[in-house]
Every structure is written in structure tokens, then in C-alpha cells.
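Observations on chain architecture
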Amino acid sequence: MTPPVQNRDTFRFFQDHFSVFRLTDIGLAILLSILVGVAVFSYNTKFNLIERSHRIAQTNQVLLELKETLDSIQNAERGTNSYLLSGDPAFLDLYAQTNKTLTSHTNHLYTFVEDDPDLKKNVDSLNRLLHEKLTQLYKVITLRQRDDYTPEKIETLVTQGGFIMDDIGKAANKFEASLRELLQAHVRDSNEVAERFFFHIVSAIVLLCLLIVTSRIIITRHIKGRQVAEDELKETSLALEHAVEGISRVGRSGVYEAVNKTYAKILHRQSDDLVGKPWLSIINIDDHEKVATAFNTMLTKGKAEVEVKGVRRGAGVEFYLKMTMVAAFHEGTKNFSGHYCFIKDSTRERKEQQELINARKAALEASLAKTEFLANMSHEIRTPMNGVIGMSGLLAQTKLDDQQRQYVDTIKISAEALLTLINDILDFSKIESRKMVVEEIDFPFQDTIQDAVKILRHSARTKGIKLNVDISPNIPRVMRGDPGKIRQILINLLGNAVKFTVRGEVNLFVTLLQSTSSYKELRVEVSDTGIGMKPENIEKLFQPFSQADGSTTRMFGGTGLGLAICKRLVEMMGGEIGVKSEEKIGSTFWFTMKLNEGQASDTAMHGSQDGQSSTPPVDPKGVRILVVEDNEVNQRVSLEMLTKLDFSADAVANGKEALSALSKTKYDLIIMDCQMPIMDGYEATRQIRRLEKTSGQHIPIIAATADAMSGDRKKSFEAGMDDYITKPIEFEKLAKLITDWISKIKPQEMVRPEEPHQAYEMRVDWTILERMKIFQKPGAPDLVQELVEIFFETTPAILGRIQEAAKRGDPTALKNEAHALKSSSGSLGLRRINNLCKVLEEMAAGQTLLPEAQKAVQELTVEYDEAKDELVKKLGHLLTQAS
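Residues numbered from 1 in each chain as written. Predicted model: local features only at pLDDT ≥ 70, side-chain atom pairs only at ≥ 80, totals over all residues. Heavy atoms only, no water.

Let's talk about the nonpolar core
Let me state the cut-off plainly: We define a nonpolar core as any set of buried Ala, Val, Leu, Ile, Met, Phe, Trp, Tyr and Cys residues linked to one another through side-chain atoms lying within 4.5 Å. For every residue, the accessible area (1.4 Å probe, protein chains only) is compared with the maximum for its type, and the residue is labelled buried under 20%, exposed over 50%, or partly exposed between those bounds. Think of it this way: any DSSP run of H or I at least four residues long counts as a helix, any run of E at least two long counts as a strand, and we number them from the N terminus. The criterion used for residue contact is that any of the two residues' heavy atoms lie within 4.5 Å.
Ranked by size, the top nonpolar core spans 42 residues in total, and within it Phe-445, Leu-508 and Phe-591 carry the most contacts. Elements represented by at least two residues in this core include exactly helix 11 (445-462), strand 7 (466-471), helix 12 (483-499), strand 9 (505-515), strand 10 (520-528), helix 15 (562-572), strand 11 (577-582) and strand 12 (586-597). The biggest single contributor to this core is helix 12, with seven residues. Beyond its immediate sequence surroundings of up to four residues, Phe-445 is in contact with Ile-475, Pro-476, Arg-477, Met-479, Val-510, Leu-522, Met-593 and Leu-595.

Right, here's the structure in full:
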């Protein structure tokens, strides 16, 4: 029934006024929001201004800190120059003060710029130059303190210092300019904040005025706006109808209520054909259970996605749908009313995804094939190399005339060069395939550096080149990292420096760049006075298979991989590497690394100091060794080496023959090749270990592996092998390895008698030095001479630390240093020194240091001098330089 006109007008009146009241409430809410916004903005503006003022003050403080840092380094230079002129050590106080406070200054600068990468680069550059300047000043002071000092000797260093100060000035000016730009930015920000505050206050006032003016306009347009909204709703419905994605509405009963054109087109149907039809009719029956699970998820979470096989009209190719279901509820209630279903044809996407999976699988298979090829290639190459190097080494030990020896030496040098090339390629391949792992172990840092230096010292001495080492005293003695990788980098850089230097010197400097609670950043520099490089060639250095100049390959040799490997190793340890070079003047290679400080355990302190094995030589009589090797040349090499060591040995061609030989003959040790036909070394070892469970015996098995990939050694130990030796097999390493294992399995009857009644009274046990000749490499420098010279070079420093530890009553330091000297003296047969060190160790363990320890230290010092005299007399002119 239609209401009267009067009643109808009254209804419209109250309806319109209700809308007006509602709009008024909205206007008041907007007004209140503006006022609250102004208040909040004013409050935030206050703190923004305070924060920017703090930043301005902080920037000024950093500028002041920068000035103090520059003044400090300038004072150090002035003090050093005054010392050069006068020789008065008092002027060195400025250098000492700078050396003490510079780290504090730079740490303050780092604290400020830690959130700004660009400023941090400026501080890094300045910090590097400052430490480079301190290193230069230290070298100048050191040269000035020498007895043979002349101004001409430090002229180059002083000139270098001037260049460094120029670089420091440029870096400081650049950093100061950046800071001043930042300061100006902070001032501008403060001004902008104040201007924005004024602008927003004025804007708020204008908005309040506009609100009053526009409220009438809003009310009058209210009805018109509703009409526009209805029109937009119609347009939205039209857009959904023609949307790219298929959209449908499914009722609570599970049938379609509405379907857009795209939805029907994907299914090759018309919209009218689907409305009223069951929703699951478009889904393959095999996926109904999957859809039911997704439907339950939608009821719980409101939305669910699933991919299913679709059903289209007419026969065709199998296709897939990506389906998204969104739950719908009655307005104002939580009663389920159905759901919206969005579909997309995912057939092509699924096909592309499957192609990606297949491609990834193929890539993994290719990578595995590459790894296997690398291992096989290593084995195949090292097998003939083992014969060449092994046989040439054995041939060199026979009687040869000068021409024949020259031929043999040429063969051996060429083979070792080829082996170096192979090792470089394999190392680079391991890095590229991410098979190389960086270890994290505690190790004696200075000893690791000295180990690398010792390897190159003979080459430098042969060329008449000085090899100098300077390690900063503030670096902890024990660090945590990968000593093998560090040693490999140093050997490469030092080897290049010695190789490319005809005359002059090679210097190694190790300094502490930065020390934090979490790490120590170190900088290592290797400088030489060699041929140098042109600037345009420096960029090629660290690229694989390239060298600075092709002519260097012809003159000095090289693979072009050494520096590329160094770069990758340094980056794996979180550092950087670079070079500065000037043609015909020399080069300086440097790299940085971040290491943690390690714990000074007995293993970490002395694990690499012993230098020589303390295992006594064994009597080879009665020892029988089985060589399992399929290559006849390698069989011959191994048998000749064992014969040279006076061991009895047999050889078989594979693991099956090894099992047969073990069933007939008792062997004390087995050298097992890993890759062989019929039965390889891994399977043979596993079968031998199974047989030993019944017999109760254990035969040491040494794996002979190419060691191309890191998994070779792991596979050897997993198979049950006890140790390994890499191919090509070196005579000295094989002798030491067999000696160690034979002494373990036959500790009593196999060890040659040591004449115990005379052992303690002897000063030098010459039999031990004589036995070392078994490890002498033909054509190489005299092994005994090198060992004794190294002992003479390192022992005075150890004696000094022992005396200092006894003087200050430090049992831990005394025990560590006495242990180090005990090990090295025992290896050289210095019996009395060895026994005195044992006494000192026992005193340190019992905390009985004074005065007995000081007396023992005095005896040790006297005994060292007497032992040194006896060694010089016995060995003659060989040790004149060391004495």
C-alpha cells in the first residue's frame, strides 16, 4: 500500500536531515583530527629539531676528531724528522704517543660513520694511509738506529713518507668535505623542519576555513554523490564481467550463481551453461579430494589456493587450473553464504616450471659429471707424473757424470713445474666449484708466517736477496682461522717477489689495522725491488690464466693462476687484496684478513713449531710392505723407494690380488691406490677390515690418492684407511710416513737402540743428525745445515723469553717456551738442552719458579753456547754464517 503524500514528504524530511546530521558529525571529526594532527606534528617537530641539533654537534665533534688525528700524525712526522737530525730519542715520544692514540682516534671516526657506507670508505682509506705512514716512520726510525746509518739510506723512505702525507692530506680533505656537506645538509634539514612547521600551521588554519565553506557544498552534493556511486557500481560490475581472470560466485549449495565471461572462456563454455551447474563439474574427479582439503582450509582461514586438472567441453589436451577460493558471509553475520572462485589457466606455467626443474636436474648432473671428470683427470695425470718425478728422483741418487746429472735435473725441474701447473688448475677448479672449505682452527700466527718465509729463504739466499720479516708486536700470538690458506697465499706472494727480484730485498710486513671485540683486522704487505709493472698491466694480475706481461712467462715461468687463487682465497676469508707497482722500481702486494683471537692451548701454541718429527728412526729389518697399484710405472717407483729405505716390499695390481696376497703372506703395512680396475682400493680396504674382525689384527693401510677433490681423503678414512699420501709420491714424505707407522705398530723391537747409558751425558747425539740424511733430497741444500741454521736463528729469541718468564715468575709462559725449545732441541739430538727444558717444564707445572728456575735457566744459556760451539766445530764451514 502506497503511503499518503504528506507522510511520504515527512519521511523524506527526516531521512535527509539524518544524512545532514551524519555529515555534521563527520565534519566535527575532521576538525578534531586536524587539531590533533597539528598538536602531534608540533610535538614531533620539537624532537626533530633537537635531533638535528644533536647531529650538527656530532658532525662538528667528528671534524674536531679528524683535526686531532691529522695533528697527531703530523706531530709524529715532526718528531721523527727531529730525531733524524739530532739523534735525540726524546723526539720519538711524539711518534710513540701517536702510535698509542691513533687506533682510538680512528675507532671514534668509525663509530660516527658506521651507518654511512660512503663515509666509512673515506675512513677506511684514511685509516689505511695513517697506518702506512706509521709503518714508514717505524722503518725510518729503525734505519736511523742502526750503526751503519747514513742519510742516503733513508732518502727513499723519507721521500715515500712525503708522498704518503700528501695522500693523507687528500684523503682528509675529501673526508672533511664530505663532513661539511653533511653538516650543511643537517642545517638545511633544520631550516626545512621549521619552514614545514610554519607551513602546516598556516595550512591547518586554511583547512579549517575551507571546512566551514565546503560543508554546505558537501551537503548539497550528497544526493548527487549517491547517484554517482551507483553508476560506478554498475561500471565495476561491467569490469568484473570482462576481467582477465576468471571469476565466479558459488552458492552455499555448491552450484554456480554467477560466472564472468573469462571464467567461461577458460572452460570453453558459455556463462549461461555454467549457472546452476555443480561447481565441481569443471574439476577432474581425481582431484576432488585435493579440492575438498582446500575447501576446508578456506572455511578456517577465509582463503585457500589449489592447482587441479580441469575439465573442458570437448576432447582436448590435458590442462591445469590455478584456483583461489574466498569465503563469503551474510552481511553483518558470520553465516557462510558461499564463496568466490577465481581461476587461471596454469598449463603453460606448469610446463615452464617442469622445464626449469628438468634444466636444474641436468645442470646438477653436469656439475656431478664435471666433479667426477676432475677427480678422474687428476688421477690419470698424477699417475704418469708419479713415475716421472719418482724415477727421476731415484735416478738422481745413483752415480752420474755431470752431463747426466744436468739432464736428470732438467727432467725433475720440468716435471715439478708441470705438477705446479696441475695443482694450480685443480685448486682453481675446487674454488670455482665451491669444493674448497675455509677452516676455523686455533693456530700460532707468527709461526705460520715464519713457516712460509722458511720455504722461500733458501731461494732468496741463493739469489743473494735479503728476505726481511717485520710482524707487529701487538698481534696476538694465537689466532683462529685457516693457517693452510694463509700459508698458501704468503708462499705465492713471497715466491713471486723472490722470482721477479734480481737484486735488492724482499720485505714482509704484518700490521694490525683494527681491533674489535669480535675480530682482528690484519694487513700483510710483501714488497720487493724487482722488475715492477706498467700501470696498464696491473688490472690483469688477478684474472685467471693471465699475467701482467706475456714476456714474464718466457723469462720467469708461471701458470697465470697463482694470484687469481690468492684473490679467491682472500675473499673467502673476508678480506681484500691489491698491489702498488712501478716499473723497474718494484712492487708491493697487500691483502687484509679478519681473524678471531684464538685460545693459547698447547696444540695451538706448539703444533707447528716442532718442525721435525720426534719419531725415532726404525730398523727396517723384518718389515714387509705390500704395494697395491695398477700402474706398472708407479709400482716400480714405490718399490724402488722402499728398497732405498731397506724395506722388503711386494706389489700387486688391484684389490682382489691384494686380498689373495694377504691370505698367503703376513704384511706389516699396505700402500693402497684408490682407483683400480676389478676392485678399487676402497672396497679392498673394507674387505680387509671385515677379515680383521675375525683375526683381531690391524694392518695400517696408507691411501695413495691424487687428492683432486676434498672428498678423496674423506672416502679413504670412511673405507677404513689409516693415513694417506698424495701423488706424485715424494721420497722424503713416504720415508717419514712409513717410519711413523712402523714405530707405532712395533714400538719396542723395531726401534734402533739409542745407547741409553750415554744419552743423558751426551751434549750432541750425532747419531740422530746422521739418521736425518735418510730424508736428504738429492740436489737440494744440505738438510742438516738448514735445520741447524734455523735452530740458531730462532733459539736466542726463545731463550730471551724463557729468561724473562723466569724473572717475572710466569709459570705458563715458562712452560710454553721450554716446551718449544725442548721439541726442537730433541729433534736435533741436543740431549742436555732437551733435559734442561724438561726440568723447567716440571718446575713450571709445580709452580716452583724461584730461585731454582733461574738457576736452571742460567745452566740452559751456558749449555746453548757450548752446544753451538761443538756443532760449529763438527760441521765446519757449513755453519760459519750461523755462528
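Focus: the pattern of salt bridges
Keep this limit in mind: Any Lys or Arg side-chain nitrogen located within 4 Å of an Asp or Glu carboxyl oxygen qualifies as a salt bridge.
All told, the structure shown has 27 salt bridges when counted by the stated rule. The residue Glu-793 makes a salt bridge to Arg-461 at a minimum N-O spacing of 4.0 Å. Highlighted residues: Glu-793 in helix 24 (residues 783-808) and Arg-461 in helix 11, separated in sequence by 332 residues. Looking at Arg-461, the relative accessible area reads 36%, which means it is partly exposed. It is possible to trace a salt-bridge network through shared partners that takes in Arg-128, Glu-132 and Lys-580.

Focus: the sheet that holds strand 13 (residues 624-628)
Across a sheet, paired strands are connected by hydrogen bonds in the backbone, their directions being either parallel or antiparallel. To keep things clear, this is the line we draw: Paired strands, as defined in this entry, are two strands with at least two bridges between them according to DSSP. Helix axes are fitted only over the stretch in contact, all axes being lines through C-alpha atoms; the angle between N-to-C directions runs from 0 to 180 degrees.
The strand order 14-13-15-16-17 describes an open sheet built from five strands, whose pairing is parallel. The open sheet has two edge strands, strand 14 (648-652) and strand 17 (723-726), and neither has a second partner. Each neighbouring strand pair of the sheet contributes to a mean axis angle of 20 degrees, computed without reference to strand direction. For strand 13 and strand 15 (residues 669-673), the ladder comprises four bridges, and the chain directions are parallel. Opposite Val-628, over in strand 15, you have Met-672 as the bridge partner. Contacting strand 13, strand 14 and strand 15, helix 18 (residues 655-664) crosses the sheet at an angle of about 160 degrees to strand 13. Along the sheet, helix 19 (residues 681-695) contacts strand 15 and strand 16 (701-705); its crossing angle with strand 15, the most-contacted strand, is approximately 150 degrees.

Concerning the sheet that holds strand 4 (residues 320-329)
The five strands are arranged 2-1-5-4-3 in an open sheet whose pairing can be described as antiparallel. Across the chains shown, the open sheet's two edge strands, defined by having one partner strand only, are strand 2 (256-259) and strand 3 (303-309). Across the sheet, the mean angle from the axis of one strand to that of its neighbour is 25 degrees, orientation sign disregarded. Note: strand 1 (residues 246-251) against strand 5 (residues 336-345), six bridges, orientation antiparallel.

Remarks on the layout of surface pockets
What counts, and what does not: Within this scheme a cavity is a closed region of a 1 Å grid, computed over the protein atoms alone, that accommodates a 1.4 Å probe without allowing it to escape, whereas a pocket is open but has protein on both sides within 12 Å along at least five of seven lines; lining residues each have an atom within 4 Å of a point. Grid points are joined across faces, edges and corners, and a volume is the space filled by probe spheres set on the points. Charged residues are taken to be Asp, Glu, Lys and Arg, nonpolar residues to be Ala, Val, Leu, Ile, Met, Phe, Trp, Tyr, Cys and Pro, and polar residues to be all remaining types, Gly included.
Within this model, the second largest pocket holds a volume of roughly 1600 Å³. Contributing to the lining of the second largest pocket are 40 residues, with Lys-139, Leu-157, Gln-160, Asn-507 and Ser-527 lying nearest its centre. Of all elements in the fold, only helix 3 (117-144), helix 4 (155-220), strand 7, strand 9, strand 10, strand 11 and strand 12 reach the threshold of two or more residues within the lining of the second largest pocket. The element that contributes the greatest number of residues to the lining of the second largest pocket is helix 3, accounting for nine residues. Tallied by class, the residues present in the lining of the second largest pocket amount to 10 nonpolar, 15 polar and 15 charged.

Details of the pairing of strand 14
This is how the line gets drawn: With strands facing away from the observer, any crossover in which the path from the first strand over the helix to the second runs clockwise is taken as right-handed.
Pairing analysis gives five bridges linking strand 13 to strand 14, with the strands arranged parallel. Counterpart to Ile-625 in the pairing with strand 14 is Ala-649. Note that the unit made of strand 13, helix 17 (residues 632-644) and strand 14 has a crossover that is right-handed.

Some details on the side chain of Lys-139
Structurally, Lys-139 can be placed in helix 3. Residues within four places of Lys-139 in sequence aside, it is in contact with Leu-157 and Phe-509.

Re the packing of helix 17 against helix 21 (residues 731-745)
Rules: What makes a crossing left-handed is the near helix being turned counterclockwise from the far one by less than a right angle; a clockwise turn instead makes it right-handed.
For the pair helix 17 and helix 21, the least separation of the axes is 11 Å and the interaxial angle reads 65 degrees. Between helix 17 and helix 21 lies a crossing whose hand is right-handed. Across the interface between the two elements, Met-641, Leu-642 and Lys-644 from helix 17 touch Phe-731, Leu-734 and Ile-738 from helix 21. Looking at the contact of helix 17 with helix 21 residue by residue, the classes come out as five nonpolar, no polar and one charged.

Digging into the confidence of the model for the chain
Selection rule: A residue's pLDDT is the predictor's confidence in that residue, given on a scale from 0 to 100.
Mean pLDDT over the chain: 78, with 78% of residues reaching 70 or higher. By mean pLDDT, helix 22 (residues 756-759) is the weakest element of the chain at 35, and strand 13 is the strongest at 95. Low confidence marks residues 607-615, where pLDDT is under 50. Its contacts with residues over four positions away, or in another chain, come to 16 contacts. Across residues 748-761 the pLDDT falls below 50, and counting only partners more than four positions away or on other chains, this stretch makes 25 contacts in the model.

Thoughts on helix 2 (residues 92-113)
Short version of the rule: Expected helix span is taken as 1.5 Å per residue step, with the number of steps being one fewer than the number of residues. We define the bend at any residue as the angle between the axes fitted to the seven residues before and including it, ending there, and the seven starting there.
Its 22 residues give helix 2 an end-to-end C-alpha distance of 32 Å, which sits within 8% of 32 Å, the value for a rise of 1.5 Å per residue. Largest kink in helix 2: about 40 degrees, centred on Thr-101.

With respect to the pairing of strand 1
For strand 1, the buried fraction is high: six of the six residues fall into the buried class. Two elements, strand 1 and strand 2, share three bridges in a ladder whose sense is antiparallel. When the bridges of strand 2 are listed, Ser-248 appears paired with Val-259. Remark: four residues form the turn of the hairpin made by strand 1 and strand 2, two consecutive strands paired antiparallel; Gly-254 in that turn has positive phi of roughly 95 degrees.

Observations regarding the packing of aromatic side chains
For clarity, the threshold we go by: Here the aromatic set is Phe, Tyr and Trp, taking the six-membered ring for Trp, and pairing holds for ring centres within 6.5 Å; pairs whose planes are under 30 degrees apart are stacked, those over 60 apart are edge-to-face, and all others are tilted. Charge-over-ring placement is defined geometrically: NZ (Lys) or CZ (Arg) within 6 Å of the ring centre, and within 35 degrees of the ring normal.
Per the counting criterion, the structure on display carries nine aromatic pairs. An angle of 80 degrees between the planes, with centres 6.0 Å apart, marks the rings of Phe-717 and Tyr-724 as edge-to-face. For Tyr-724, a relative accessible area of 26% gives the class partly exposed. An aromatic cluster of three or more residues is present, and its members are Trp-279, Phe-295, Phe-329 and Phe-336. Across the ring face of Tyr-340, the terminal group of Arg-249 is positioned such that the distance to the ring centre comes to 5.2 Å. A cation sits over an aromatic face here: Arg-350 above Tyr-320, 4.1 Å from the ring centre.

Observations regarding the packing of helix 24 against helix 27 (residues 852-875)
Two quantities define a packed helix pair, namely the angle between the helix axes and the distance between the axes. The following threshold applies: Roughly parallel means an angle under 35 degrees; roughly antiparallel means over 145; roughly perpendicular covers 65 to 115; every other angle is labelled oblique.
The geometry of helix 24 relative to helix 27 is characterised by a closest axis approach of 10 Å and an angle of 165 degrees between their N-to-C directions. Between helix 24 and helix 27, the angle falls in the class roughly antiparallel. Pair helix 24 / helix 27 crosses with left-handed handedness. Residues Val-784, Val-788, Phe-791, Phe-792, Thr-795, Pro-796, Leu-799, Ile-802, Gln-803, Ala-806 and Lys-807 of helix 24 pack against Gln-854, Val-857, Leu-860, Thr-861, Tyr-864, Lys-868, Leu-871 and Leu-875 of helix 27. Per-class residue counts for the contact of helix 24 with helix 27 are 13 nonpolar, four polar and two charged.

Notes on the environment of Thr-705
Mapped onto the secondary structure, Thr-705 falls in strand 16. It is 7.0 Å that separates the C-alpha atoms of Thr-705 and Tyr-724, two residues lying 19 residues apart in sequence.

Points about the environment of Lys-855
Secondary-structure assignment places Lys-855 in helix 27. Overall, Lys-855 belongs to the exposed group, its relative accessible area being 55%.

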